[in-house]
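Coordinate inspection notes
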Amino acid sequence: MKTSSVCIFVLSLTILGFGQCQNPSSKNEVSISTLRSIQNIDPIVSRNNESGFIAGALYENLLANENLDDQLKLKPSLAIALPKVSEDHLTYTFQIRQNVKFHAHKCFKKNEERRLLSTRDILYSIKRAIMTERNHPVVKSFASQVLGMAKWQEQAKSNFQDPIAGIQIDQKTISFQLKAPNPEFPNYFSSTTFSVVSQYCSQTKGIDLERDAVGTGAFQLKKKNGDTIELIRNTEYWNPQYPLVDKITFQSGRSNTELYNSLTLGEVDFIFSNVYLYYSVTKNGTLQKNIPRRISLKSFPQSSTTFLAINMLHPKLGKNLNLRRALVSALNRKTINSSYMKHYRSEAKGMVPSPLNGFDRYSSIYEAASNNQLTSDLLKKAGFPEGRGLPVITLDYIDSENESRYASQIVQELSQHGIVVKTRKNSWSKLFQRIEKKRTELVLLTWTSQFNSPSYFFQIALSKNFYPSGSNLMFYSSPVYDSAYSGLSSFDKIKQHEAIISLERTLATDLPLFPIFHGRTVIFANSWVQKLDLSALVYDALKYMKVDSAERVLLLSENK
């Protein structure tokens, strides 16, 4: 393609909101595009990969995650080390980095000394998360463990000055006193939910953090204009080694045509993929031949599990183990998660996704493929030979493209055995209203954790804690399960691992739910983007990213 034709094409993209007909490729900048529109950049409401990585670039927490040998490990961030733990495992004390500054911002005008991070900012950020998102699973779980937190929630309302009995601060430390020991407690402080914001800018100056940002991260916000978000290097970042690029531009809310064209032209360095785009540029999981060779498909594990949940109070499904076993036996996860989607999903070996604590490394206790003869035998034992006499079963799911595809595949596979299933789309709130009223039969759900916690994925079946007061969505009850669940609180890693194995086996035996696959983050990236690891929960990944500007210039010039 000649240079003039490239300019004409780029000009058309400029009208759509992309770059201009000048080559910025020699600059140390990265441009990222996504289909999903990012309107709110408040770290508390980071609900998806894109907003999570933006939050991780702008803000920090006491701790962060790093991906080592496909396992997540906690590392210090705003804390100078992992917390000191008391002998009774009830008190966690963090020592805070000194001389860390919040981003330069107009809210600090005439009050430059307020830019220094203090333990008051950390405490304020925790209180803000607790009051703003008190019904969020992460927040509810955290608040239920800290001494005095529930009382503070009831009394404080908007008065953030009231103390919390279980949280103490001094100039250099912040400590948390728990009601009961919990070995996973430090993981909360790697979640974007508890990202540290400036109390002075947020509370005193009233900065709107949905559209503005004042954090301590490796990047600071330069501009947010509609769907365009520009981040620039924080030149006062406490770790002078990072970030490795000078500027990141997020272009969100783009169509798939815009995403594809901008990527192949080199106007965008990488894009977050989606199902539609994935289907259009791959064939059986491989990039099509007309895709420039410099573009690659990259896939990173998420902390999510998609599973089929069964209402254990249902007169037929909940009371008939052979029927539940027949449903599971009829489903072939390899077919549902077919080869052309292998980059988007990985077959579940249990409820806990990879790489959370490496629990994907034991052998699966669920059958990997469907077994027609076993399904037939189980249906006979259940009293419904070849599905005869079994009423139509309703499968509820959240209305989305992904869930619709999986629901359709499940219906198709079950129909081959005479099991008739109809589907019903729901909004998120509508689905949980149905669950609360016990008006579901089968539910297709995806459960995601914001921190490295295997127990988070077992809470949904915690038999003593039924929904809506708790998170048991299947109304499942098992003393065996309860006993194993208590083992998760052990500080002995071997015993904790044994508890998880026992929980998985109990679920595989009783089948109140059936894990199908774990999610992945999929991107298409130009080859000059390097050191990019968007693995689960590594929210600060963008500060380690770098670009080979020379390679970018060379490869783009070859296409002209």
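Look up a bit, the structure's there.
Described in the following lines is the structure provided in the data block. (Residues numbered from 1 in each chain as written. Predicted model: local features only at pLDDT ≥ 70, side-chain atom pairs only at ≥ 80, totals over all residues. Heavy atoms only, no water.)

**Regarding the overall build of the chain**
Secondary structure assignment for the chain yields 17 helices and 21 strands. Radius of gyration (C-alpha) of the chain: 25 Å, near the 24 Å computed for a compact globule of 560 residues. Its C-alpha atoms put the chain at 75 × 65 × 40 Å along the principal axes. Counting across all 560 residues of the chain, residues that qualify as buried make up 56%. Counting contacts in the chain only where the partners sit at least 6 residues apart, residues at least 24 apart contribute 71% of the total. As displayed, the chain has an accessible area near 24,100 Å², and 49% of this comes from carbon and sulfur atoms. The centroid of the 68 positive side-chain charges in the chain is displaced by 3 Å from the centroid of its 49 negative side-chain charges. (Helix = DSSP H or I, 4+ residues; strand = E, 2+ residues; numbered from the N terminus. Rg over C-alpha atoms; globule rule 2.2 N^0.38 Å. Buried < 20%, exposed > 50% of the residue type's maximum accessible area, 1.4 Å probe, protein only. Contact = heavy atoms within 4.5 Å. Areas by Shrake-Rupley, 256 points an atom, 1.4 Å probe, with all protein chains shown as cover. Lys, Arg positive; Asp, Glu negative; His and termini not counted. Charge placed at Lys NZ, Arg CZ, Asp CG, Glu CD.)

**Considerations on the packing of aromatic side chains**
Enumeration over the complete set of coordinates arrives at 30 aromatic pairs. Arranged with centres 6.2 Å apart and planes meeting at 35°, the rings of Trp447 and Tyr456 form a pair that is tilted. The same class applies to Trp447 and to Tyr456, which are both buried. One aromatic cluster is present, formed by Tyr92, Phe94, Phe142, Phe176, Phe185, Tyr188, Phe189, Phe194, Trp447, Phe451, Tyr456 and Phe457 through successive ring pairs. (Phe/Tyr/Trp six-rings, centres within 6.5 Å; stacked < 30°, edge-to-face > 60°.)

**Some thoughts on the environment of Ile336**
Its location among the elements puts Ile336 in helix 10 (residues 333–336). For Ile336, a relative accessible area of 6% translates into the label buried. Counting along the chain gives 70 residues from Ile336 to Tyr406, while the straight-line C-alpha distance between them is 6.5 Å. When near neighbours in sequence (up to four residues on either side) are disregarded, Ile336 contacts Leu331, Tyr406, Gln409, Ile410, Glu413, Ile516 and Phe517.

**Some remarks on the environment of Arg439**
Mapped onto the elements, Arg439 comes out in the loop between helix 13 (428–436) and strand 18 (442–448). Of the residues examined, Arg439 reaches a relative accessible area of 57% and is grouped as exposed. For the pair formed by Arg439 and Leu313, sequence separation is 126 residues and the distance between their alpha carbons is 9.8 Å. Look past the residues within four positions of Arg439 in its chain and what remains in contact with it is Asp396, Arg424 and Arg434.

**Points about the state of the cysteines**
Under the counting rule described, the total for this entry stands at one disulfide. Here Cys107 pairs with Cys201 through a disulfide, and the sulfurs are 1.8 Å apart. Taking the torsion about the sulfur-sulfur bond, which here is approximately 55°, the covalent link between Cys107 and Cys201 counts as right-handed. Note that Cys107 is positioned in the loop between strand 5 (91–95) and helix 3 (119–132) and Cys201 in helix 6 (residues 199–204), a separation of 94 residues in sequence. Residue Cys107 is classed as buried on the basis of its relative accessible area, which comes to 5%. (Disulfide = S-S within 2.5 Å.)

**Notes on the side chain of Glu403**
By the secondary structure assignment, Glu403 is in helix 12 (residues 401–415). For Glu403, which is buried and forms no salt bridge, the nearest opposite charge comes from Arg345, at a distance of 5.1 Å. Setting aside anything within four residues of it in sequence, one finds Glu403 in contact with Tyr397, Ile398, Leu444 and Thr446. (Salt bridge = Lys/Arg side-chain N within 4 Å of Asp/Glu carboxyl O.)

**Re the packing of helix 9 (residues 321–330) against helix 11 (residues 372–382)**
Two packed helices can be described by the angle between their axes and the distance between those axes. At a closest axis distance of 8 Å, the pairing of helix 9 and helix 11 adopts a crossing angle of 160°. As far as their axial angle goes, helix 11 and helix 9 are roughly antiparallel. At the point where helix 9 passes helix 11, the crossing takes the left-handed sense. Residue-level contacts link Asn322, Leu323, Arg325, Ala326, Ser329 and Ala330 of helix 9 to Leu374, Thr375, Leu378, Leu379, Lys381 and Ala382 of helix 11. Of the residues belonging to the contact of helix 9 with helix 11, the class tally is seven nonpolar, three polar and two charged. (Axes fitted to C-alpha atoms, helices over the stretch in contact; angles between N-to-C directions. Parallel < 35°, antiparallel > 145°, perpendicular 65-115°, else oblique. Left-handed = near helix turned anticlockwise from the far one by under 90°. Nonpolar A, V, L, I, M, F, W, Y, C, P; charged D, E, K, R; others polar.)

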